Amino acid sequence: MKNTVSRGLAVLGMLWMFASAFQASASELESVYTVQAPQGHWVVRALTSAANCPRITWDQQKPMVMQLRAAQANLPVRSDAAQADSKTSVFDVTSCEATWPAQAQSAQIEGRAVPAPPKQIQRILIVADTGCRMKASENSFQECNDADKWPFAQIAQSAAKLKPDLVVHIGDVHYRESPCPQGNLGCANASWGYGWDAWRDDFFKPAAPLLASAPWLFVRGNHEACFRAGQGWFRFLDALPLTSERNCNDPVNDLKGDFSEPFTAAISERAQFIVFDSSKSSGKAYNVNDPAFSKYQAQLQAAAKLAANKPESFFINHHPLLAAAPSKDPNKFKTGGSAGLQSVFQTVEPNRLFPQGVTLAMHGHVHLFEAISFQTNHPVSLVMGNSGSLNEGHAPNVIAPTDRLYKDAVVDNYASRSDYGFATLDRIVEAGQESWQLTEYTPQGQPVIHCRILNGKSRCH
Ligand SMILES: [Fe+2]
């Protein structure tokens with residue numbers, strides 16, 4: 001009897017070891033995080049150096065093996081790679097995922113806690129343009145090894161302390177496209193290219209405390225277009241299922257891969273985000289025969305329909321349409337809105353650009369902070385591309401009533417900051433009325449600009 005029991009235990013032990021050998025262990029986990037997906041869904045992601053996916057435990061239930069999103073792969077350089085000095089993209093991590101069940105309260109992946117979807121959103125934390133620039137085509141190399149010169153890790157640490165309910169990244173996550181030139185100590189030995197090591201060092205490692213603090217909503221930037229870091233975008237950050245047409249592996253599919261459909265994400269009873277993928281948009285006005293023009297036009301029309309579903313929409317896409325550009329001289333005013341997107345958006349809303357119901361437009365791309373309110377019927381425009389990537393000059397000190405960001409758009413309140421930082425939006429309900437407190441912080445978490453946003457107007461001090 002004793003022998004039978006020990007034999008049985010030995011068999012069970014072997015079975016357990018056999019099963020474990022085919023699942024990722026905690027030590028192999030590179031990152032776990034939660035991503036906001038369309039239609040109120042939330043997706044948990046796990047990146048592991050193991051070939052197989054780890055197990056996820058919802059509440060106290062039985063662990064389940066996560067689904068495979070993307071297996072490890074070495075992807076050849078695309079024929080249209082953005083940088084001349086390119087190399088095979090080595091994705092030596094497995095991307096795994098699981099949809100958050102509506103009734104689940106908590107989740108753990110191999111014992112590691114996963115941020116749960118918020119029951120209510122009070123504080124949204126915003127970053128954009130976070131990576132460390134290494135770009136040979138512009139001979140631009142940021143000092144990635146110096147935490148003051150590339151402050152994203154500091155920003156993520158300070159931001160996590162503010163305990164947001166949701167973190168929003170408004171695009172340009174990946175910046176390490178070219179090898180650091182020999183002899184340049186500022187970026188010596190930095191990983192580069194579009195594979196996992198560059199993604200890890202540019203985003204997942206420095207962002208770790210913030211990824212652990214709350215779920216994220218990712219908005220795609222031009223750096224994540226298919227011919228740049230698009231393959232990583234789809235493996236790691238895109239909210240929809242990965243398909244062979246939407247993975248950026250073959251340029252033939254780019255008209256699908258580069259133009260994700262807009263979707264909404266609820267913020268409150270009253271407000272929603274409309275997430276718009278402008279990653280491949282041109283800085284120059286479109287010819288109406290350009291396939292990208294028709295794509296964006298149809299998507300904006302779809303976004304206008306989505307806007308009708310809630311009293312207020314916050315339109316969120318990487319490239320600003322109503323913004324001032326940075327310059328060497330802060331006394332100089334220069335427009336910074338995307339002429340490409342303006343040429344499409346004006347076909348739907350000739351003056352306002354954004355669909356009716358959009359009270360706030362949120363962007364990155366331009367590496368500074370701007371909060372712009374208009375006397376005219378334009379939504380408040382926020383530019384928040386100052387979260388780590390190389391600054392490109394000064395925001396103008398003022399925008400005069402005679403300066404025009406677009407056609408007849410008259411600015412009546414303008415706040416800006418040219419240094420690195422990040423922002424929060426706090427929901428305020430007073431006498432049944434919902435408004436938002438926008439705060440801009442230094443990388444150390446010191447608040448420096450406060451704005452109140454209400455009914456499509458903002459006031460900053
Ligand atoms: Fe950008």
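Reading guide: rules and limits
Residues numbered from 1 in each chain as written. Predicted model: local features only at pLDDT ≥ 70, side-chain atom pairs only at ≥ 80, totals over all residues. Pairing = 2+ DSSP bridges. Helix = DSSP H or I, 4+ residues; strand = E, 2+ residues; numbered from the N terminus. pLDDT = per-residue confidence, 0-100. Contact = placed C-beta atoms within 7 Å. Axes fitted to C-alpha atoms, helices over the stretch in contact; angles between N-to-C directions.

Moving on: the sheet that holds strand β4 (residues 64-65). An order of β4-β3-β9-β10 is seen for the 4 strands of this open sheet, with the pairing classed as antiparallel. Looking along the sheet, the strands with just one partner apiece sit at the ends: β4 and β10 (112-114).

Within the chain, leucine 353 stands out as a residue other than glycine whose phi angle is a positive 75°. When you line up the elements, leucine 353 lands in the loop between α8 (339-348) and β19 (358-363). For asparagine 455, which is not a glycine, the phi torsion comes out positive at approximately 50°. If you trace the backbone, asparagine 455 turns up in the loop between β25 (447-454) and β26 (457-460).

Across the protein, pLDDT averages 94, with 95% of residues at or above 70. Note on residues 15-21: pLDDT under 50 across the span, and 0 contacts to partners over four residues away in sequence or across chains.

We now examine the environment of tryptophan 58. Note on placement: tryptophan 58 falls in strand β3 (residues 55-58). Residues tryptophan 58 and proline 101, 43 residues apart in the sequence, show an inter-C-alpha distance of 8.2 Å. Excluding residues that lie within four positions of it along the chain, tryptophan 58 makes contacts with Pro101, Ala104 and Ala107.

Before going further, it helps to examine the sheet that holds strand β18 (residues 312-316). Spatially, β16-β17-β18-β19-β21-β20-β22 is the arrangement adopted by the 7 strands of the open sheet, whose pairing is mixed. Looking at the sheet topology across the chains shown, the edges are occupied by β16 (263-266) and β22 (411-417). Strand-to-strand, the axes of this sheet are offset by a mean angle of 20°, without reference to chain direction. Contacting β16, β17 (271-275), β18 and β19, helix α7 (residues 291-307) crosses the sheet at an angle of about 170° to β17.

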